[in-house]
Amino acid sequence: MPEDQPADDTRRNPLEVLGPGLVTGAADDDPSGIGTYSQVGAQFGYALPWALLFSYPLMVAIQEICARVGASTGLGIAQNLKEHYPRSLLRAVVVLLLIANVFNLGADLGAMGAAFALIVPGPVLPATIAFGIASIILEVFVSYQRYAAVLKWATLSLFSYFAVVVLAGVDWPAAIHGTIVPHFRFDSDHVMALVAVLGTTISPYLFFWQSAQEVEEQHRRHVKPLCVSPRTAGPELKRIRTDTLVGMGFSNLTAIVIVIATAATLHKAGITQIDSAVEAASALRPLAGDLAFVLFAIGIISTGLLAVPVLAGSAAYAVAETFGWREGLARRPREAKAFYAVIALATLAGVAMNFLAINPMKALYWSAVLNGLLAPPLMFVTMLIARNKAVMGEMAISRGLAFGGWLSTAVMAAVAILFLVI
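Residues numbered from 1 in each chain as written. Predicted model: local features only at pLDDT ≥ 70, side-chain atom pairs only at ≥ 80, totals over all residues. Heavy atoms only, no water.

Within the element layout of this structure, threonine 36 appears in helix α2 (residues 31-44). In this structure threonine 36 comes out as buried when scored by relative accessible area, which is 19%. When sequence neighbours within four positions are dropped, the list of residues in contact with threonine 36 reads Ala196, Val197 and Thr200. (Helix = DSSP H or I, 4+ residues; strand = E, 2+ residues; numbered from the N terminus. Buried < 20%, exposed > 50% of the residue type's maximum accessible area, 1.4 Å probe, protein only. Contact = heavy atoms within 4.5 Å.)

The structure is reproduced here in structure tokens:
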């Protein structure tokens with residue numbers, strides 16, 4: 001087959017359509033996200049699941065645009081920024097991304113260690129270190145093709161939360177009403193909850209990851225960027241859209257399920273303050289039983305094993321593209337030493353955070369603040385790239401998709417302002 005063909009006619013299995021978008025969406029439900037959704041359910045009951053339904057089209061629009069930028073140009077977000085915009089902007093974006101990702105890595109790894117200690121009683125730090133080292137080994141030494149398959153199948157871990165909601169004794173009429181009918185008060189508690197939900201679901205590291213993974217997929221399949229052969233791009237764009245719709249849908253549906261499960265148990269029992277995903281798991285035990293508790297804790301560990309490589313990998317892609325280093329999980333460690341070194345260092349920095357006297361919820365808060373401040377300018381320049389025919393050629397995004405992207409950017413800009421004002 002010619003190298004400039006999209007090679008989609010080889011996709012016999014419908015599951016082959018799912019890849020970067022599915023993994024990106026599932027990684028969004030990391031332990032820190034689970035903590036956020038648990039707090040929303042505990043504090044507000046069935047009042048705010050609609051916020052996740054609201055965020056879905058916004059998330060789909062910006063993630064599809066990021067994926068199309070990677071697939072169309074054959075370059076990740078950071079490299080496109082490097083080639084078309086001031087270096088000062090690129091450096092600021094990458095530094096903020098690194099800081100936010102390390103904070104998030106620290107919080108996620110700590111939550112995984114604590115969740116493991118709940119299931120198998122013992123010290124938390126050794127488990128945290130073990131998860132960090134295991135993540136590095138898998139990401140560095142397992143071949144990309146096998147590793148991508150592992151990540152894809154790891155998304156099944158999110159089904160543990162669907163099992164929890166079955167055991168939670170949900171008031172389904174109230175839950176469905178809260179999901180499809182917006183209920184909101186303009187007070188500080190409701191505004192902060194909305195900011196937390198949007199800041200958790202639409203995060204810059206997801207932009208870098210999905211864009212870079214589309215480039216990796218092209219290398220794996222030995223095809224050229226879509227802008228080189230735009231007439232053959234139709235099936236590939238359809239795959240990207242389907243992958244993103246399913247991935248973000250799975251992500252947000254899982255988040256809704258977590259909110260509903262904690263609303264049905266914690267909020268109903270008068271527990272309205274949850275400081276972490278692990279605390280939510282512990283609080284579930286006397287209310288929903290041991291099985292729900294174990295499933296919730298296992299979900300924290302499993303989603304962490306999925307999210308940690310995405311957080312470390314997105315940081316490595318951004319840094320490598322900034323400095324022009326060889327990068328990509330498809331390369332062997334000796335072929336991209338600096339790229340894999342960033343993955344290892346970012347993960348170890350996250351582990352090290354757990355040795356410091358840093359409150360994990362404060363770490364998550366500052367990570368959310370940084371993500372909230374970083375997202376709007378990054379989304380803005382990504383939109384400029386996606387609409388620029390000098391960059392995208394005939395693959396510049398349509399007006400309809402651009403509208404969704406600009407709307408998502410405007411909403412996240414409003415979220416950033418709320419972060420600063422509240």
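Another aspect to go through is the nonpolar core. Counting 129 residues, the largest nonpolar core has Leu81, Phe296, Ile300, Leu329 and Phe339 as its most contacted members. Tallying contributions element by element places helix α14 (residues 290-323) first for this core, with 17 residues. What isoleucine 300 contacts, discounting residues up to four positions off in sequence, is Pro31, Ile34, Ala111, Met112, Ala115, Tyr161, Ala277, Val278 and Ala281. If you look at the next biggest cluster of nonpolar residues, it comprises 7 residues, including Leu226, Leu237, Ile240 and Met395. (Core = buried A, V, L, I, M, F, W, Y, C linked by side-chain atoms within 4.5 Å.)

Time to look at the pattern of salt bridges. A complete count under the given rule lists 8 salt bridges for this structure. As a salt-bridge pair, glutamate 64 and arginine 68 come within 3.8 Å of each other at their nearest N and O atoms. In this pair, glutamate 64 and arginine 68 are both assigned in helix α3 (residues 50-73), 4 residues apart and thus about one turn of the helix distant. Glutamate 64 gets classed as buried once you look at its relative accessible area, which sits at 3%. Salt-bridge contacts for arginine 239 lead to glutamate 236; the nearest nitrogen and oxygen are separated by 2.8 Å. Pair noted here: arginine 239 and glutamate 236 are both in helix α12 (residues 234-267), with a separation of 3 residues, about one helical turn. (Salt bridge = Lys/Arg side-chain N within 4 Å of Asp/Glu carboxyl O.)

Before going further, it helps to examine the packing of α14 against helix α15 (residues 337-353). At their nearest, the axes of α14 and α15 sit 8 Å apart, and the two run at 135 degrees to each other. Between α14 and α15, the angle falls in the class oblique. Crossing hand, α14 versus α15: right-handed. Mapping the contact onto sequence places Val308, Ala312, Gly313, Ala315, Ala316, Tyr317, Val319 and Ala320 in α14 and Phe339, Val342, Ile343 and Thr347 in α15. Of the residues that constitute the contact of α14 with α15, the class distribution is 10 nonpolar, 2 polar and no charged. (Axes fitted to C-alpha atoms, helices over the stretch in contact; angles between N-to-C directions. Parallel < 35°, antiparallel > 145°, perpendicular 65-115°, else oblique. Left-handed = near helix turned anticlockwise from the far one by under 90°. Nonpolar A, V, L, I, M, F, W, Y, C, P; charged D, E, K, R; others polar.)

The analysis is restricted to geometry; functional conclusions fall outside its scope.
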